[in-house]
Amino acid sequence: MSPREPVVPTSVPNRTHNLAIAAAALLALTACHNNDDPPPEIGVAPDPIVGANDNLPGVVVTIESVNGASPGHAGVGERVSVDFTVKTDSGEPLEVATLTRGAIMISGPTFNYQRVIASQSDVLTASTKRALGAYTYTFAEPIPATYLPPLNDTDHFTAGELTGQPLLSGTYTVALELRKDYTVDGVTYRDPGNATMDFLIGDALSIEPREVVTLANCNQCHSQLRAHGDNRDKITNCVVCHTTGAEDRNNPDIANGTPDITIDFKVMIHKIHSGRHLPSVLGVTTNADGTRKYDATPKPYEIMGFNDQLVDFSEVAIPVWPSLLTPMPRDGGYTALNTPPTTEGARRQGLENEMRSAPVACAKCHGDPDGDGPLPAPAQGGLAYSQPSIAACGSCHDDWVPDHLYTSNSSTMPIQRDNAACKECHRVSGTSLDVMDAHLHPLLNPNLARGVVLDVQSVTDVGNGNGKFETGERVRVTMTIKDDSGADIPATSLSRLDAVISGPTTNPNLVHYVRVFPAGLGSGPTYTFNVPQNVYYESIGVSSAGNQTFTTARAPHWNVSGAATTLLLRTGLGAMTVLTGNATVTQNFIDVTPGTGASFAKDDFIVIEDAVPARREYMRVQWVQGDRLWFSSQYSPNYAANLLRAHAPNSTVHKVIVPVNAQGVAQPIATSKYMLDKTLGTIVETSEFGDGEVIASYTTDFVVPAYFPGALNDSPVLDQGWGDWTGLPLLPGTYKFGIYGARQFNVVVDGETTGYTEASTPKVTQLLFGSATEIETVARIDSSEGCYRCHNDIQFHGGSRRGFDTCLLCHGNAGSEDAANYVYPTGEPSPGVTIDFRTMLHKIHHGKDLTAGADYKVAGFGGGASSYEEVEFPVMPGGTKECVVCHGPNSEAWVQPAPRKHPDAFLPTRSWRAACGSCHDSDAATAHINVNTAIFGVFGAESCEVCHGVGKDLDVRTVHHTR
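Bear in mind that the values here come from a model prediction, so they are computed numbers and not experimental data.

(A) Spatial organisation of the overall build of the protein. The secondary structure content of the protein amounts to 20 helices and 40 strands. Considering only C-alpha atoms, the protein reaches an extent of 115 × 70 × 55 Å along its principal axes. Across the protein, the fraction of contacts at a sequence separation of at least 24, relative to all contacts at a separation of at least 6, is 69%. Just so you have it, the protein exposes about 42,700 Å², and 55% of that area is on carbon and sulfur atoms. Across the protein, 67 positive and 104 negative side-chain charges occur, with their mean positions spaced 4 Å apart.

Put into structure tokens, the structure is as follows:
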């Protein structure tokens, strides 16, 4: 339900037929109502009753007319009357006398708002009742001859101010705000309603409204815009106070006053949404000669609020892709900032990178709020491009000092002390200096990013051909690759192509992740291939005197660029130890005798159970953690991810000696010494390898495994209780095959080259595995539009993954963890941090409210960690309690976590813990969750549903209810 869904009062007196007739007659009489006449007796509207779980009834204010001496028109010295109605969302009238707060004011003209009549606080007492829910308010003060000063006026901001000057003829705005409070279970909730109406003053003949942005634009992210203690909820009411020259509460009597901060709407809103990217916040400004100054004192962007507390917006970043994570092109001189490399040079480049990531998606606020949907674009949204000014442009580009020269990309802008010459260089579009072109991100420029579209025509089983995928079968794909215009793209032009298989949909686990190398796909334009799989360190025989033939266990071999077959020759054995415990199939580490781990190092090859050929297994060490030797994760190239055989305690572990080059890196057998038959997997020795066992690594066709092979960055910390089914048999059900690709292009600006990656959205195909007979989709959100309403698009990992569905292919899998130390030994240690969306996504968007704060970190590629303590979910009024905003109005997935069961699992999945514990992370909440999700052996289960299940006293919907 929407938090503003109408509430039907539990007790509403019936209106009699006679009262209805009287009310109708009254409305007819009041059409020409004289405010000086007392109204006839018209009754009293019932006060809404709000129950414990009800939404607020709503305060819908509608201004019907604004009148001076004539309707819709007023002149200097005339008193203005305003006819308005106030009702609930369901249309029930409200009594002004029962409201908590009311205010009304006049500002204008619309092309340059100034205050005309200051906010009046007597609306509730001075309004005359005309009918049920209908009132007239007459300003006690007549229209003045001159403009009032803006709010908190000083001489810091005077450009465009008309203080004390005669009123101009034009369109002016009456702004009315009302509020009704309700107390439910001892808590007071505010229910606001705002409205505006334009009217004419002076000789103006036609209404010229101001609409550069609409409330719908704001509510894409904010859902229900609220400000100033829930008193204002309409953008049209904001602009009548946040006028030209208005400043924050920088009165010297306020201890924390912040002089030189304008609250002019166009400046303030730009700055708030670009807070973390502002040059002033970063300590960047301009020298008098126009060069950039990188050592200015950083100035936090803070605004004094009505509660005399500073609000710091220095960490705010508008969440719109692609600029959020993919900066605009480098400016000329970027490379020179760090040539030769120095700490200071790197710092300056870092500042440039942050500024290059500033918002450029002007259309997010000034354009069509829902694309081809029913909402209209702002009527005057184009003014954002056609009216450049010092105030508007300097709000984001606040390193620009109008009294100084300004040099960028080999061009120097002269001193600009007013707006007179702005349009001479900065027109709407056509050149790189024009507003639209300068804000067009390369990834949104169709002349640069032409699109990557994968069209998968079929995914079939290679085996018994029954249309289902079973253990041992291969997966064949037929697809095309095109750009947005429909033109074919050669596969070899792609920078990467990845495929993922996961399932079942009821609790997705990773089944396969692989890089598909385009060189192995053929010439196209239609590509048919079997999904590949990397095989590492397979023993294929012993080389001795004379040429021999070896055959790999699997064929064919891809043996193309990026997926080449390589052979190593084992020439001896080194240090030896033994296992201290069982090493199970799919395990990606082994524990060895205490004190012996130091005998091994990263990239050492080892052999387990060397004396038993049937049990022998070769691995490559990726990290030594004390006496634990780690292997890899499924996504890491060049390392086997996990064991293919089980090994008992006391099994031997030997270091394997192989030839190395001068840098100590393992040296493969030269390809000139053998012939490879890719189809059969045979290797014919043409020149002597030397004596020793031959170990092959190659890429072949993937075959469906019998068991789940392991999660991304798998470790023992996240177990079956998190839904990690590593090592358990694949279950029948619906699985997903997803494939996505990307290509790269460069942008050159003033001698600086910036590389970009444009990615496809994924093509996802649902597959039946095992004995499953029907596709079973599990939708945990209504659609990806829940993400795109704020983000527009989603691109991560260097831009090579695009779209919510791509994210789900990896982050929708249980047990997946962040970048592991066995992959990046020098990275941030973060054991047990899951990247499963049901936990990670909640935590990221709840970042500012997490008890963990900066201690919640997610390690990414390279091992560097990110924290999210500055992330604040922008939805109003409830923030992350507004589950429906992301999940969608038709989704029930958030209401009660679905059970995730595997019949062979020793531990049941704790679905409530994973979902609810993501936001509720305090010590008390964690203890509560642990007690109520404690595992009592094989048959243990979560008891959360007893209190929080559907229909219970603490139903999830109830505890997340917002007003």
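More follows now that the structure is in view.
(B) Inspection of the side chain of Thr-806 at higher detail. Here Thr-806 lies in helix H14 (residues 804-811). Ignoring anything within four residues of it in the chain, the contact list for Thr-806 reads Tyr-740, Thr-761, Pro-762 and Arg-801.

(C) Representation of the pairing of strand E35 (residues 752-759) in the model. Buried residues dominate E35, accounting for six of its eight residues. Bridge analysis of strand E34 (residues 733-749) against E35 gives eight bridges, and the strand direction is antiparallel. Note that in E35 the partner of Ala-742 across the bridge is Ala-759. Two successive antiparallel strands, E34 and E35, enclose a turn made up of two residues, where Asp-750 displays a positive phi of approximately 50°.

(D) Layout of the pairing of strand E6 (residues 128-131). Two elements, E6 and strand E7 (residues 134-138), share three bridges in a ladder whose sense is antiparallel. The residue bridging Lys-129 from the neighbouring strand is Tyr-135, located in E7. The hairpin turn running from E6 into E7, its antiparallel successor, is two residues long, and Gly-133 in that turn takes a positive phi close to 80°.

(E) Main features of the sheet that holds E7. One open sheet holds the four strands; their spatial order is E1-E3-E7-E6, and the pairing between them is antiparallel. One side of each edge strand has no neighbouring strand; the edge strands of this open sheet are strand E1 (60-67) and E6. The average angle at which neighbouring strand axes cross in this sheet is 25°, direction not considered. Taken together, the five bridges between strand E3 (residues 81-87) and E7 define a ladder with antiparallel strand orientation. In the sheet register, Phe-84 faces E7, and the bridge partner there is Tyr-135.

(F) Spatial organisation of the pattern of salt bridges. In this structure the tally under the stated criterion is 37 salt bridges. One salt bridge connects Asp-233 with Lys-234, and the closest N-O pair in it is separated by 3.5 Å. Taking relative accessible area as the criterion, Asp-233 reaches 7% and is therefore assigned buried. Residues participating in the shared-partner salt-bridge network are Arg-570, Asp-610, Arg-616 and Glu-693.

(G) A look at the sheet that holds strand E26 (residues 605-608). Spatially, four strands are ordered E24-E30-E26-E27 in an open sheet, and the strand pairing comes out antiparallel. Each end of this open sheet is capped by a strand with a single partner; those strands are strand E24 (572-578) and strand E27 (617-620). Adjacent strand axes in the sheet meet at a mean angle of 30°, parallel and antiparallel pairs treated alike.

(H) Expanded view of the confidence of the model for the protein. The predicted model of the protein has a mean per-residue pLDDT of 92, with 94% of residues at 70 or higher. For residues 1-38, every residue scores under 50 in pLDDT, and the model assigns this stretch 48 contacts once sequence neighbours within four places are set aside.

(I) Expanded view of the nonpolar core. Formed by 38 residues in total, the largest nonpolar core has its most connected members in Met-479, Ile-481, Phe-529, Phe-737 and Ile-739. Taken together, the elements giving at least two residues each to this core come down to strand E16 (453-462), strand E17 (474-482), strand E18 (496-503), strand E19 (509-515), strand E20 (526-530), E34 and strand E36 (763-769). Among the elements that make up this core, the one with the highest residue count is E17 (four residues). Non-local contacts of Ile-481, meaning those with residues more than four positions away in its chain, are made with Val-452, Val-453, Leu-454, Ala-487, Asp-488, Ile-489, Ala-491, Leu-494, Pro-525 and Tyr-527.

(J) Highlighting unusual backbone geometry. Following Gly-108, the chain continues into Pro-109 via a peptide bond in cis, with omega recorded as -5°. The residue Pro-109 is located in the loop between strand E4 (101-108) and strand E5 (114-120) in this model. Residue Trp-321 is joined to Pro-322 through a cis peptide bond whose omega torsion reads 5°. Here the phi dihedral of His-228 falls at roughly 55°; this positive angle occurs in a residue that is not glycine.

(K) Here's a closer look at helix H3 (residues 215-222). Burial within H3 is extensive, with six of its eight residues counted as buried. Among all positions in H3, only Asn-217, Cys-218, Asn-219, Gln-220, Cys-221 and His-222 are buried. Trailing H3 by a residue or two, Ser-223 shows a phi angle of about 65°, which is positive.

(L) Broad picture of the side chain of Asn-813. Within the element layout of this structure, Asn-813 appears in the loop between H14 and helix H15 (837-845). A polar side-chain atom of Asn-813 sits 2.9 Å from the main-chain carbonyl oxygen of Leu-809. If near-sequence neighbours (up to four positions away) are discounted, Asn-813 is found in contact with Ser-502, Pro-508, Asn-509, Leu-510, Leu-808 and Asp-836.

(M) Representation of the state of the cysteines. With the rule as written, the count across this model stands at zero disulfides. A disulfide-free cysteine, Cys-787 has its sulfur positioned 6.4 Å from the sulfur of Cys-886, the nearest such atom. The class for Cys-787 is buried, based on a relative accessible area of 16%.

(N) The packing of aromatic side chains, seen in detail. For the structure on display, the rule yields 16 aromatic pairs. Here Tyr-735 and Phe-769 contribute two aromatic rings whose centre-to-centre distance is 4.1 Å and whose plane-to-plane angle is 20°, an arrangement assigned as stacked. Of the two residues, Tyr-735 sits in strand E34 while Phe-769 sits in strand E36, which places them 34 residues apart along the sequence. Residue classification places Phe-769 among the buried positions, given a relative accessible area of 2%. Ring centres of Tyr-856 and Tyr-868 lie 6.3 Å apart, and the angle between their planes is 40°; on these two criteria the pair is classed as tilted.

(O) Representation of the packing of H15 against helix H17 (residues 911-919) within the structure. Look at H15 against H17: their axes get within 7 Å of each other, and the N-to-C directions meet at 10°. With respect to each other, H15 and H17 are oriented roughly parallel. Of H17, the residues touching H15 (which contributes Arg-838, Thr-839, His-842 and Lys-843) are Ser-911, Ala-914, Ala-915, Gly-917, Ser-918 and Cys-919. Looking at side-chain class alone, the contact of H15 with H17 contains three nonpolar, five polar and two charged residues.

Calculation rules
Residues numbered from 1 in each chain as written. Predicted model: local features only at pLDDT ≥ 70, side-chain atom pairs only at ≥ 80, totals over all residues. Heavy atoms only, no water. Helix = DSSP H or I, 4+ residues; strand = E, 2+ residues; numbered from the N terminus. Contact = heavy atoms within 4.5 Å. Areas by Shrake-Rupley, 256 points an atom, 1.4 Å probe, with all protein chains shown as cover. Lys, Arg positive; Asp, Glu negative; His and termini not counted. Charge placed at Lys NZ, Arg CZ, Asp CG, Glu CD. Buried < 20%, exposed > 50% of the residue type's maximum accessible area, 1.4 Å probe, protein only. Pairing = 2+ DSSP bridges. Axes fitted to C-alpha atoms, helices over the stretch in contact; angles between N-to-C directions. Salt bridge = Lys/Arg side-chain N within 4 Å of Asp/Glu carboxyl O. pLDDT = per-residue confidence, 0-100. Core = buried A, V, L, I, M, F, W, Y, C linked by side-chain atoms within 4.5 Å. Polar contact = N/O pair within 3.5 Å; in protein donor to acceptor, adjacent residues only side chain to side chain. Disulfide = S-S within 2.5 Å. Phe/Tyr/Trp six-rings, centres within 6.5 Å; stacked < 30°, edge-to-face > 60°. Parallel < 35°, antiparallel > 145°, perpendicular 65-115°, else oblique. Nonpolar A, V, L, I, M, F, W, Y, C, P; charged D, E, K, R; others polar.

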